[in-house]
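# Structural overview
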Amino acid sequence: MRWFLPQEKAGPAPWSALVFAALGSLIVLLILAPLLGLFLSSSLGELSQAAADREVLASVRLTLGCAAAATLLCTLAGVPLAYLLARKRFYGRAALLALIDLPIVVPHSSAGIALLTVIGRQSIFGSLDLVGTAAAITLAMAFVSVPFLINAASSGFAAVPEHLEKAGRTLGASSWRVFFTISLPLAWRDIVSGMIMMWARGISEFGAVVIVAYYPMTTPTLVFQRFNDFGLSYARAAAVVLLLVCVTIFVLLRFVCRPRRIEG
């Protein structure tokens, strides 16, 4: 009758927990060491000078704005698609899922070249030419980062109990009302989490952006240009400024969208 006895939570033995912690600390060190090195090697004078640099501030505004625009535009079309992927089984679904994930594995320089065939001077659409514009930057950011939004939103909708949606329709609610009053409210944390990841990924994009729009410069492009022309010390402060801005916003958004704690 052992199944009637209270069971302790399964977990690693003390010795294996130490091994896991030691191995995991290597990953933490891999992430933390370069960031600490970046901050510790930058003086307050360099940071204050970079923070007052108009070129740096303009690039930060452009980077954040284009990433936000890409995220918002893709959310309008991506959330309905994510809902369909979570709820419907149709022919070609596996191929569509693979297509959505494709930008993650495509080399980003290749992604930039591919975008040029659509928005460049020799576009397949004729006279369309967006090269060197904020629109081109936004499209490049959207292309490489939209899988994070779709996958997170789809997982959120898949976690919503279907019987709640069926109950709503049984009570006479339309599909639209069920979506906006049941599905969306229950999946919103995953959707916002996907939006945050897409926004953050868009901010960090360099390879595709630098091909479709070297000017105006996003901050990753500016950091590369300063490093290439003037060396590490000149580029480092601009990198820290962008990192500080992004980390601050990222932490605030993560705090707002943190999972609710279930008592009991």
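Position numbers for residues start from 1 in each chain and track the written sequence from start to end. Where local features are concerned, this predicted model is filtered to residues with pLDDT of at least 70; where side-chain atom pairs are given and counted, the filter is 80 or more; whole-chain, interface and lining totals use all residues. Side-chain calculation: all heavy atoms of the structure are included, whereas hydrogens and water are not.

When two rings of Phe, Tyr or Trp (its six-membered ring) have centres within 6.5 Å they constitute a pair, described as stacked for plane angles under 30 degrees, edge-to-face for angles over 60, and tilted for the intermediate range. Within this structure, the stated rule accounts for 7 aromatic pairs. Summarising the aromatic geometry, the rings of F157 and F179 are spaced 5.7 Å apart at their centres and angled 35° between planes, so their arrangement reads as tilted. Taken together, the residues F157 in helix α6 (residues 134-158) and F179 in helix α8 (residues 175-204) connect sequence positions 22 residues apart. Exposed residues in this analysis have more than 50% of their type's maximum accessible area, buried residues have under 20%, and partly exposed residues fall in between, with area computed by a 1.4 Å probe over protein chains only. By relative accessible area, which is 0% here, F157 ends up buried. On the basis of relative accessible area, F179 is assigned to the buried category, the value being 11%. Here the aromatic rings of W176 and F180 are separated by 6.2 Å at their centres, their planes lie at 15°, and the arrangement is stacked. A run of DSSP states H or I qualifies as a helix once it reaches four residues; a run of E qualifies as a strand once it reaches two. Both are numbered from the N-terminal end.

In this section: unusual backbone geometry. Here the residue pair Y215 and P216 is connected by a cis peptide bond, since its omega of -5° sits within 30 degrees of zero. If you trace the backbone, P216 turns up in the loop between α9 (207-212) and α10 (219-230).

Buried residues of nine kinds, namely Ala, Val, Leu, Ile, Met, Phe, Trp, Tyr and Cys, make up a nonpolar core once their side-chain atoms join them within 4.5 Å. Counting 48 residues, the largest nonpolar core has I137, M141, F157, I191, M198, I203 and V212 as the members making the most contacts within it. Broken down by secondary-structure element, the contributors of at least two residues to this core are α3 (54-87), α5 (108-119), α6, α8, α9 and α11 (232-256). In terms of residue count, α3 provides more of this core than any other element does, 13 residues in total. Note on contacts: a residue pair qualifies if any of its non-hydrogen atoms lie within 4.5 Å across the two residues. Ignoring sequence-local partners within four residues, the contact set of I203 consists of T63, L64, A67, P220, L242 and C246.

The next point concerns the environment of S123. As for its position among the elements, S123 is in the loop between α5 and α6. S123 gets classed as buried once you look at its relative accessible area, which sits at 8%. Residue contacts for S123: discarding those within four places in its chain leaves T117, V118 and L128.

The next subject is a nonpolar patch on the surface. Nonpolar side chains (Val, Leu, Ile, Met, Phe, Trp, Tyr) are joined into patches within 5 Å and like charges within 9 Å, using only residues with over 30% relative accessible area and no salt bridge. All accessible-area figures derive from a Shrake-Rupley calculation using a 1.4 Å probe, and residue coverage is judged against the displayed protein chains alone. What makes a salt bridge here is a side-chain nitrogen of Lys or Arg within 4 Å of a carboxyl oxygen of Asp or Glu, nothing more. The grouping of I27, L30, I31, L35, F39 and L244 at the surface amounts to a nonpolar patch, some 540 Å² of accessible area in total. Secondary-structure assignment places I31 in helix α1 (residues 14-40). For I31, a relative accessible area of 53% gives the class exposed.

Looking now at the environment of A238. Along the chain, A238 falls in helix α11. Contacts of A238, omitting those with residues within four sequence positions, involve A50, V56, T219 and V223.

Within the structure shown, the criterion is met by 4 salt bridges. Residue R226 pairs with D53 through a salt bridge whose shortest N-O separation is 2.9 Å. Taken together, the residues R226 in helix α10 and D53 in the loop between α2 (44-51) and α3 connect sequence positions 173 residues apart. The class for R226 is buried, based on a relative accessible area of 4%. The salt bridge involving E55 is made with R226; its shortest N-O contact spans 2.9 Å. Taken as a pair, E55 in helix α3 and R226 in helix α10 lie far apart in primary sequence, 171 residues in all. Residue classification places E55 among the partly exposed positions, given a relative accessible area of 41%. Beyond isolated ion pairs, a larger network of salt bridges with shared partners links D53, E55 and R226.

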